There are 2 protein chains.
Amino acid sequence: MRERLSGIGACVFDAYGTLLDVRSATGRLAAELGGKAELVGGLWRTKQLEYTWLLSLMGHRRDFWQVTRDALDHAFGVAGLDDDALKEKLMRRYLSLDAYPDVAPVLAELRSRGLTTAILSNGTPDMLASGVESAGIAGYLDAVLSVEEVGVYKPHRSVYQLACDRFGLDRGQICFVSSNGWDVAGAASFGFQTVWLNRFDAERERLPGTPALVLGGLADLSGSIDRG
Amino acid sequence: MRERLSGIGACVFDAYGTLLDVRSATGRLAAELGGKAELVGGLWRTKQLEYTWLLSLMGHRRDFWQVTRDALDHAFGVAGLDDDALKEKLMRRYLSLDAYPDVAPVLAELRSRGLTTAILSNGTPDMLASGVESAGIAGYLDAVLSVEEVGVYKPHRSVYQLACDRFGLDRGQICFVSSNGWDVAGAASFGFQTVWLNRFDAERERLPGTPALVLGGLADLSGSIDRG
């Protein structure tokens with residue numbers, strides 16, 4: 001585990017779970033979900049990710065908005081909920097998730113140092129545009145990259161390659177930050193310098209690709225990066 | 001949902017979870033796991049599957065024995081367990097999982113009707129040889145096919161293609177049976193006639209590929225299949 005990343009030209013962030021709090025949708029509608037907010041919130045996220053991996057392996061294209069809806073359908077089924085209006089409310093909430101409070105300050109700091117900042121996400125361009133706008137962080141980002149143009153989800157290598165192509169940087173010049181251990185594994189394995197943002201003290205994944213740095217929050221990120 | 005499958009030349013079964021009870025390993029060592037048998041058993045299986053999908057998407061090869069060990073390491077970490085001897089016991093147990101009681105009778109029945117029977121599994125050839133031997137079903141199987149020769153895990157299409165190649169059958173002539181909804185989705189999407197063996201009344205997956213038949217156990221399988 002190194003303590004500093006050096007030679008960095010761009011900081012690229014995962015969106016869902018890293019910058020945006022995916023549990024805030026069910027959290028805000030907890031009253032309407034009764035005692036099932038935790039169950040639905042957890043399953044929604046788990047199935048959403050599973051479906052991205054499975055569809056990619058099966059060679060199917062289905063965009064993240066549809067996958068998010070499919071995962072919610074499954075979660076409602078497991079929870080024994082049958083309420084289309086509530087499902088629609090949750091889907092709309094997914095377009096305006098809360099950003100974690102440490103996000104805007106770190107993006108501002110990185111840009112003030114001349115570093116390029118970007119999102120690289122499974123989300124559709126529409127979902128991401130809505131998400132960064134409502135979270136008030138659109139102005140701090142140089143680019144918002146969606147997997148949609150490559151037609152396969154993370155952690156396929158072609159997704160990470162998007163950032164190299166967009167910024168004209170080598171893999172090792174990109175600092176990639178994600179709270180998802182499997183995403184860090186994929187990015188590190190691809191050749192990015194990676195930061196695992198372990199906000200909730202999760203157990204590490206036993207996958208190839210070790211994070212260069214593990215942080216509990218974003219406050220210490222900028223101080224850990226040297227520009228290239 | 002059709003009620004019968006017709007024109008079938010071979011019945012191909014998933015192994016883990018379908019023929020072999022993956023929870024029997026932690027179940028048999030429940031006393032040593034204290035109150036953590038359920039947690040470890042669930043996480044072990046969840047992570048084992050996640051890792052197969054993620055490694056495949058990342059383009060990494062790591063065999064199922066190692067993946068099973070990695071997943072158990074993760075589960076022990078989450079459960080706060082630090083007992084290498086117990087871990088080894090669980091791994092050895094994974095080589096002699098219990099078969100569900102409806103397995104041997106249905107395999108015998110299918111073969112008595114002249115149908116080819118086989119396993120198509122993520123497991124390594126060694127794991128599978130040990131599993132079918134200890135479960136007493138080796139004599140009822142014409143073939144045990146492992147993903148190992150294609151180097152990628154289910155639900156990648158090249159895995160299902162193995163069965164077509166081995167038996168010289170078209171996709172539609174193969175009846176594929178799995179208790180894993182995502183595996184059925186991959187197999188149905190590939191073009192097999194599929195049976196979702198929904199042993200525990202699980203919620204259906206929202207993935208492409210619909211099962212031709214859903215059964216609660218294997219007793220009714222042979223009666224639902226017409227030979228091609």
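Residues numbered from 1 in each chain as written. Chains lettered and ligands numbered in written order. Predicted model: local features only at pLDDT ≥ 70, side-chain atom pairs only at ≥ 80, totals over all residues. Heavy atoms only, no water.

### Remarks on the overall build of chain A
Phase 1: Along its length, chain A carries nine helices and eight strands.
Phase 2: For 228 residues, the compact-globule formula gives about 17 Å, and the C-alpha radius of gyration of chain A, at 17 Å, lands near that figure.
Phase 3: A principal-axis box enclosing the C-alpha atoms of chain A has dimensions of 55 × 35 × 30 Å.
Phase 4: Here chain A holds 228 residues, and 56% of them are scored as buried.
Phase 5: Residue pairs in contact within chain A that sit at least 24 positions apart in sequence constitute 66% of those at least 6 positions apart. (Helix = DSSP H or I, 4+ residues; strand = E, 2+ residues; numbered from the N terminus. Rg over C-alpha atoms; globule rule 2.2 N^0.38 Å. Buried < 20%, exposed > 50% of the residue type's maximum accessible area, 1.4 Å probe, protein only. Contact = heavy atoms within 4.5 Å.)

### Observations regarding the interface of chain A and chain B
Phase 1: With 32 residues of chain A in contact, the opposing surface of chain B contributes 32 residues.
Phase 2: Buried surface at the junction of chain A and chain B, both sides included, amounts to about 2800 Å², of which 68% is carbon and sulfur.
Phase 3: The largest share of the area that chain A buries against chain B comes from A:Leu57, A:Met58 and A:Arg206, three residues that together contribute 27% of it.
Phase 4: Linking chain A with chain B are two salt bridges, by the criterion used here.
Phase 5: A salt bridge links A:Glu205 to B:Lys47; the shortest N-O distance between them is 2.8 Å.
Phase 6: Inspection of the chain A/chain B interface yields ten residue pairs in polar contact (both at pLDDT 80 or more).
Phase 7: Considering each element in turn, the side of chain A that touches chain B owes the most residues, nine residues, to helix H3 (residues 37-58) of chain A.
Phase 8: Broken down by class, the residue content of the side of chain A that touches chain B amounts to 14 nonpolar, seven polar and eleven charged. (Buried area = accessible area lost by both parts, 1.4 Å probe. Salt bridge = Lys/Arg side-chain N within 4 Å of Asp/Glu carboxyl O. Polar contact = N/O pair within 3.5 Å; in protein donor to acceptor, adjacent residues only side chain to side chain. Nonpolar A, V, L, I, M, F, W, Y, C, P; charged D, E, K, R; others polar.)

### Digging into helix H3 (residues 37-58) of chain B
Phase 1: Counted at 1.5 Å a residue, the expected span for H3(B) with its 22 residues is 32 Å, and the 31 Å between its end C-alpha atoms agrees.
Phase 2: Taken across its 22 residues, H3(B) has 18 buried, putting it largely inside the fold. (Expected span 1.5 Å × (residues − 1).)

### Observations concerning the sheet that holds strand E3 (residues 116-121) of chain A
All names here are of chain A.
Phase 1: Read from one edge to the other, the open sheet built from six strands follows the order E4-E3-E2-E5-E6-E7, with strand pairing classed as parallel. Every other strand in the sheet has two partners, leaving strand E4 (143-146) and strand E7 (213-215) as the edge strands with one partner each. Taken pair by pair, the neighbouring strands of this sheet meet at an average axis angle of 25 degrees, ignoring direction.
Phase 2: Relative to E4, E3 is paired through four bridges, and the arrangement is parallel. Pairing of Ser121 across the sheet is with Ser146, part of E4.
Phase 3: Against the sheet, helix H7 (residues 125-134) makes contact with E3 and E4, and its axis sits at roughly 145 degrees relative to E4, the strand it touches most. (Pairing = 2+ DSSP bridges. Axes fitted to C-alpha atoms, helices over the stretch in contact; angles between N-to-C directions.)

### Structural notes on the domain arrangement of chain A
Residues and elements named next belong to chain A.
Phase 1: Segmenting chain A into domains produces domain 1 (5-21 + 97-227) and domain 2 (24-95).
Phase 2: Of note, the centres of domain 1 and domain 2, computed from C-alpha atoms alone, are 23 Å apart.
Phase 3: Across the contact, 20 residues belong to domain 1 and 18 residues belong to domain 2.
Phase 4: Where domain 1 abuts domain 2, roughly 1600 Å² becomes buried across the two surfaces, and 54% of that area is made up of carbon and sulfur atoms.
Phase 5: The largest contributions to the domain 1 side of the interface with domain 2 come from Leu97, Met127 and Tyr153, which together make up 39% of the buried area. (Domains from an automatic or database assignment.)

### Some details on the relation of the copies chain A and chain B
Phase 1: When chain A is fitted to chain B, the residual RMSD is 0.0 Å, and the transformation amounts to a turn of 180 degrees plus an axial shift of 0.0 Å. Between the two chains, the operation in question is that of a two-fold axis.
Phase 2: Here 100% of the contact residues of chain A are again contact residues in chain B; the copies associate through an equivalent surface. (Least-squares fit on C-alpha atoms with pLDDT ≥ 70 in both.)

### A few points about the pattern of salt bridges
All names here are of chain A.
Phase 1: Under the defined criterion, the tally for this structure stands at 30 salt bridges over all chains.
Phase 2: Of the charged contacts, one joins Glu50 and Lys47 as a salt bridge, the two residues approaching to 3.0 Å between their closest N and O atoms. Residue Glu50 and its partner Lys47 are located together in helix H3, separated by three residues, close to a single helical turn. Of the two residues, Glu50 and Lys47, neither departs from the other in class, the shared state being buried.

### Focus: the side chain of B:Ser56
Phase 1: As for its position among the elements, B:Ser56 is in helix H3.
Phase 2: The exposure class assigned to B:Ser56 is buried, which follows from its relative accessible area of 13%.
Phase 3: Only 2.8 Å separates the side chain of B:Ser56 from the backbone oxygen of B:Thr52, close enough to count as a polar contact.
Phase 4: Filtering out sequence-adjacent residues up to four positions away, B:Ser56 remains in contact with A:Leu57, B:Val152 and B:Tyr153.

### Structural notes on the packing of aromatic side chains
Residue and element names in this part refer to chain A.
Phase 1: Scanning all chains against the criterion turns up 23 aromatic pairs over all chains.
Phase 2: A centroid spacing of 6.0 Å and a plane angle of 40 degrees characterise the contact between Tyr160 and Phe190, whose relative ring orientation is tilted. Here Tyr160 is found in helix H8 (residues 157-167), whereas its partner Phe190 is found in helix H9 (residues 181-190), with 30 residues between them in sequence.
Phase 3: An angle of 85 degrees between the planes, with centres 5.9 Å apart, marks the rings of Tyr160 and Phe192 as edge-to-face. Linking Tyr160 in helix H8 with Phe192 in the loop between H9 and strand E6 (193-197), this pair joins segments that are 32 residues apart in sequence. (Phe/Tyr/Trp six-rings, centres within 6.5 Å; stacked < 30°, edge-to-face > 60°.)

### Some words on the environment of A:Val103
Phase 1: Relative to the helices and strands, A:Val103 is located in helix H6 (residues 103-112).
Phase 2: With sequence-adjacent residues up to four places away left out, A:Val103 is seen in contact with A:Leu19, A:Ile137, A:Arg199 and A:Leu218.

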